Amino acid sequence: MEKDQHLQHTQPTNRMAHAMDTQAPTQLSAIQAAANNSPRVTQLRNMQRAANGRGPVQRNQGQGNISTTQETMVRNRHRNRTTTAANPNGDNLMKSTLTERGKTLTGLFAPDPTTSMAQDEGFEARALAWEAQFGNFVYNHATTNNWVDRAAQTVISYLDEKAGKKFTKVGSGFKNIPRDAAYEEIGSSATHVAGAVGKEVKKVQRALRSGNLNTKVTHISNFVKEVLSNDLLNDQEAAKNRLPASTALDEGAERVTAGGTRALTPMTGLAADQWHMRGRRATLGTQMPADKTPQNVRANAGVDFSQDEKTHMGLANDQSPLPLQEGERVWAINEADAWVHSMRQMSLPLKAGVSGTTARTMQGLRILGLNNPALNRLACIGYLLPLNHHSLVEIMVGAAEHGGPAFNPSQDFYRNIAPFSPQELRNNVGPFPDEG
């Protein structure tokens, strides 16, 4: 079973953990025995084991910067890896200010995006290779695609009923619209978004009915954001009547943000604080080369773009450069962030910070009546991992905070990714990174 990362309290000392584990039951009162079997004591034991054997225990207590001592260690690590005869002082790390909603913090960024900041470069390299194979496996797996198909069919049924004027109640601003407009509303004209095919109705319908995993998840996400959230705000009863009976709307689903944007329940935890984990490469001047084409993405990631996607991106052929804005191409990792630092100490790959897209997608799938946390997470992995939008640990944490299976980052988490058994993973993906 995956370990819970939402551990809220201070780690116990070794002496406390030892006392709890070794005290003889015959010396305990009934009350003390009950206390030692309580969830709190079990949590403390698990926290100590995680701290002793697997690196930092994760706490959902907001963000902050690393200590001065840790920053010195990070700077030395970077200097050691970038110092050469031609560059005797190393590049060192760049400082940059990060700002979000009135909060300002200082970030540290590697000038060369190819420089590893992991404590163990070898483990990180093996983990990156494993994740690439795993992304291919998940993207093309029947379980993933059948689950996403269920969500797509729910969206189609909802839009068809909305266009077919079958709502029994129409509230203020909640109105039936022509069928074409219903589908156009979830299309996207952006050419840099994976899965987008434009706003032409037939193409949007194809994307949902017979498209690949990317086109389906993109339009499902657009539906939740652009259509369902508006409908829930204007007339929750009518909207719920169009959803599966198993749907359980999150508390506070009717919400308008301070900026006036309609939204469902907001992100929480590390996903909500992702702004502190990263900075834009365009601002920092650390751009990665645009070297991906449909041909090499098919060969390396197992993702085959549809003709509608390629036409929408304006590609002349399969050797044309892709205009997609993958997460690792847009964002650079802030090495001063405390969560980032703990992941670097375990040498787990990072690409864009804890995944907010995963948080939103998990919520959207749940609202659409898909209540299997492991399969919802699988859809997010298939959507985000192969094209390098996020690393696996970033997806796993974002999912755990928003309805996914409990998860505690560690070097051996690759062995336990539901719904697959360790043997299935080893057979279909390869030896685990910690076996290298």
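Everything below is about the structure shown above.
Only a predicted model underlies this, so the values are computations on that prediction, with no experimental measurement involved.

S.K.: So what's going on with the overall build of the protein chain? Which residues, and what values?
M.R.: Scanning the protein chain from terminus to terminus reveals 20 helices and six strands. In the structure as shown, the protein chain presents an accessible area of about 19600 Å², 48% of it carried by carbon and sulfur atoms.

S.K.: Describe the packing of aromatic side chains, naming the residues involved and giving the relevant values.
M.R.: For the structure shown, the criterion picks out nine aromatic pairs. Summarising the aromatic geometry, the rings of Trp 130 and Tyr 414 are spaced 5.2 Å apart at their centres and angled 65° between planes, so their arrangement reads as edge-to-face. Of this pair, Trp 130 sits in helix α5 (residues 121–139) while Tyr 414 sits in the loop between α19 (392–400) and α20 (422–428), and the two are 284 residues apart along the sequence. There is no split in this pair, since Trp 130 and Tyr 414 are both buried. For the pair Phe 134 and Phe 137, a centre-to-centre distance of 6.5 Å together with 35° between the ring planes defines the contact as tilted. Here Phe 134 pairs with Phe 137, and both are found in helix α5, just three residues apart, close to one helical turn. Phe 134 sits in the buried class, given a relative accessible area of 0%. Residue classification places Phe 137 among the buried residues on the basis of a relative accessible area of 14%.

S.K.: If you had to explain the environment of Ala 400 to someone new, which residues and values would you point to?
M.R.: Mapped onto the secondary structure, Ala 400 falls in helix α19. Since its relative accessible area comes to 9%, Ala 400 is described here as buried. Remark: the alpha-carbon pair of Ala 400 and Thr 358, spanning 42 residues in sequence, is separated by 9.5 Å.

S.K.: Account for the layout of surface pockets, with residues named and values stated.
M.R.: Rolled over the atoms, a probe as big as a water molecule pinpoints where empty space is left. For the second largest pocket, the calculated volume is near 740 Å³. What lines the second largest pocket is a set of 32 residues, and nearest its centre among them are Leu 128, Met 288, Glu 328, Leu 350 and Lys 351. Those elements that provide at least two residues to the lining of the second largest pocket are α5, α13 (294–301) and β6 (331–333). Class assignment of the residues belonging to the lining of the second largest pocket gives a composition of 17 nonpolar, six polar and nine charged.

S.K.: How would you sum up empty space enclosed by the protein? Please name residues and give values.
M.R.: Using the criterion set out here, one finds three cavities of 30 Å³ or more in the structure. Approximately 40 Å³ is the volume attributed to the largest cavity. Considering the residues around the largest cavity, the lining is formed by Ala 290, Asp 291, Lys 292, Leu 322, Glu 326 and Arg 329.

S.K.: Mind laying out the pairing of strand β2 (residues 103–109), listing which residues take part and the relevant values?
M.R.: Across seven bridges, the pairing between strand β1 (residues 94–100) and β2 is antiparallel. Bridge pairing in β2 links Glu 100 to Lys 103.

S.K.: Outline the packing of helix α17 (residues 356–367) against helix α18 (residues 373–384), supporting the account with residue identities and numerical values.
M.R.: In the contact formed by α17 and α18, the axes pass within 10 Å of each other and the chain directions differ by 135°. On the basis of their axis angle, the class for α17 and α18 is oblique. Of the two possible hands of crossing, α17 and α18 adopt the one that is right-handed. For the pair α17 and α18, the contacting residues are Thr 357, Thr 358, Thr 361, Met 362, Leu 365 and Arg 366 in the first and Pro 373, Asn 376, Arg 377, Ala 379, Cys 380, Tyr 383 and Leu 384 in the second. Its residues assigned to classes, the contact of α17 with α18 shows seven nonpolar, four polar and two charged.

S.K.: Go over the packing of α17 against α19 with me, naming the residues and quoting the values.
M.R.: Viewed as axis vectors pointing N to C, α17 and α19 meet at an angle of 45°, and their least axial separation amounts to 8 Å. In this view, α17 runs oblique relative to α19, as classed from their interaxial angle. Crossing of α17 against α19: the hand is right-handed. Side by side, α17 and α19 meet where Thr 358, Ala 359 and Met 362 of the first sit next to Ile 395, Gly 398 and Ala 399 of the second. Classifying every residue of the contact of α17 with α19 gives four nonpolar, two polar and no charged.

S.K.: For the nonpolar core, give the residues involved together with the corresponding values.
M.R.: Among the nonpolar cores identified, the biggest contains 83 residues, and Phe 134, Phe 223, Trp 339 and Leu 392 are the most heavily contacted of them. Here Phe 223 is in contact with Val 155, Tyr 158, Leu 159, Ile 186, Leu 228 and Leu 368, once residues within four sequence places are set aside. With seven residues, the next largest nonpolar core counts Ile 66, Val 74, Leu 93 and Ala 110 among its residues.

S.K.: So what's going on with the pattern of salt bridges? Residues and values would help.
M.R.: Applying the stated criterion across every chain, the model contains 16 salt bridges. Salt-bridge contacts for Arg 298 lead to Asp 318; the nearest nitrogen and oxygen are separated by 2.7 Å. Note that Arg 298 is positioned in helix α13 and Asp 318 in the loop between α14 (307–313) and α15 (327–330), a separation of 20 residues in sequence. As a salt-bridge pair, Glu 335 and Arg 344 come within 2.7 Å of each other at their nearest N and O atoms. Neither Glu 335 nor Arg 344 differs from the other in exposure class; each is buried. Sharing partners across several salt bridges, the network here consists of Arg 298, Asp 304, Lys 310 and Asp 318.

S.K.: Describe α17, and please don't skip the residues or the numbers.
M.R.: The end-to-end C-alpha distance of α17 is 17 Å, a good match for the 16 Å that twelve residues give at a rise of 1.5 Å each. The buried fraction of α17 amounts to nine of the twelve residues, a majority that puts the element mostly inside the structure. Here α17 has its buried residues at Gly 356, Thr 358, Ala 359, Thr 361, Met 362, Gln 363, Gly 364, Leu 365 and Ile 367. Gly 369 lies just past α17 and shows a positive phi near 90°.

S.K.: Would you mind going over the environment of Ala 151 in detail, with residue names and values included?
M.R.: Within the secondary structure, Ala 151 sits in helix α6 (residues 142–163). Classification of Ala 151 by relative accessible area gives buried; the value is 0%. A C-alpha to C-alpha distance of 9.9 Å links Ala 151 and Ile 367, two positions 216 residues apart in sequence. Apart from residues lying up to four places away in sequence, Ala 151 is in contact with Ile 220, Leu 365, Leu 368 and Leu 370.

Cut-offs applied
- Every residue gets a number counted from 1 within its own chain, in the order that chain's sequence is written.
- Reporting in this predicted model follows two pLDDT cut-offs: at least 70 for local features of residues, and 80 or more for side-chain atom pairs to be given and counted; totals over whole chains, interfaces and linings ignore these cut-offs and use all residues.
- The side-chain figures draw on all heavy atoms in the structure; neither hydrogens nor water molecules are used.
- Helix and strand assignments follow DSSP, with helices taken as H or I runs no shorter than four residues and strands as E runs no shorter than two, numbered in order from the N terminus.
- Values of accessible area rely on a 1.4 Å probe in the Shrake-Rupley scheme; residue burial ignores everything except the protein chains shown.
- Each pair of aromatic rings taken from Phe, Tyr and Trp, with Trp reduced to its six-membered ring, is defined by centres within 6.5 Å and is described as stacked if the planes are under 30 degrees apart, edge-to-face if over 60, and tilted in the remaining cases.
- Burial classes: relative accessible area under 20% of the type maximum marks a residue as buried, over 50% as exposed, and values in between as partly exposed (1.4 Å probe, protein chains only).
- Put plainly, a pocket is an open set of points on a 1 Å grid over the protein atoms alone with protein on both sides within 12 Å along at least five of seven lines, a cavity is a set where a 1.4 Å probe fits but cannot get out, and a lining residue has an atom within 4 Å of a point.
- Grid points are joined across faces, edges and corners, and a volume is the space filled by probe spheres set on the points.
- Throughout, the ten residues Ala, Val, Leu, Ile, Met, Phe, Trp, Tyr, Cys and Pro are labelled nonpolar, Asp, Glu, Lys and Arg are labelled charged, and all others, Gly among them, are labelled polar.
- Strand pairing requires that DSSP identify at least two bridges connecting the strands.
- In this analysis, axes come from line fits to C-alpha atoms, helices being fitted only over the stretch in contact, and the angle between any two N-to-C directions falls in the range 0 to 180 degrees.
- Roughly parallel refers to an angle under 35 degrees, roughly antiparallel to one over 145, roughly perpendicular to one between 65 and 115, and oblique to any angle outside these ranges.
- In this scheme, a crossing is called left-handed if the near helix is turned counterclockwise away from the far one by less than a right angle; it is called right-handed if the turn is clockwise.
- Here a residue-residue contact requires only that any non-hydrogen atoms of the pair lie within 4.5 Å.
- Here the nonpolar core consists of buried residues drawn from Ala, Val, Leu, Ile, Met, Phe, Trp, Tyr and Cys, with membership extended through side-chain atoms lying within 4.5 Å.
- Throughout this description, the term salt bridge denotes a Lys or Arg side-chain nitrogen within 4 Å of a carboxyl oxygen of Asp or Glu.
- Expected helix span is computed as 1.5 Å times (number of residues minus one).

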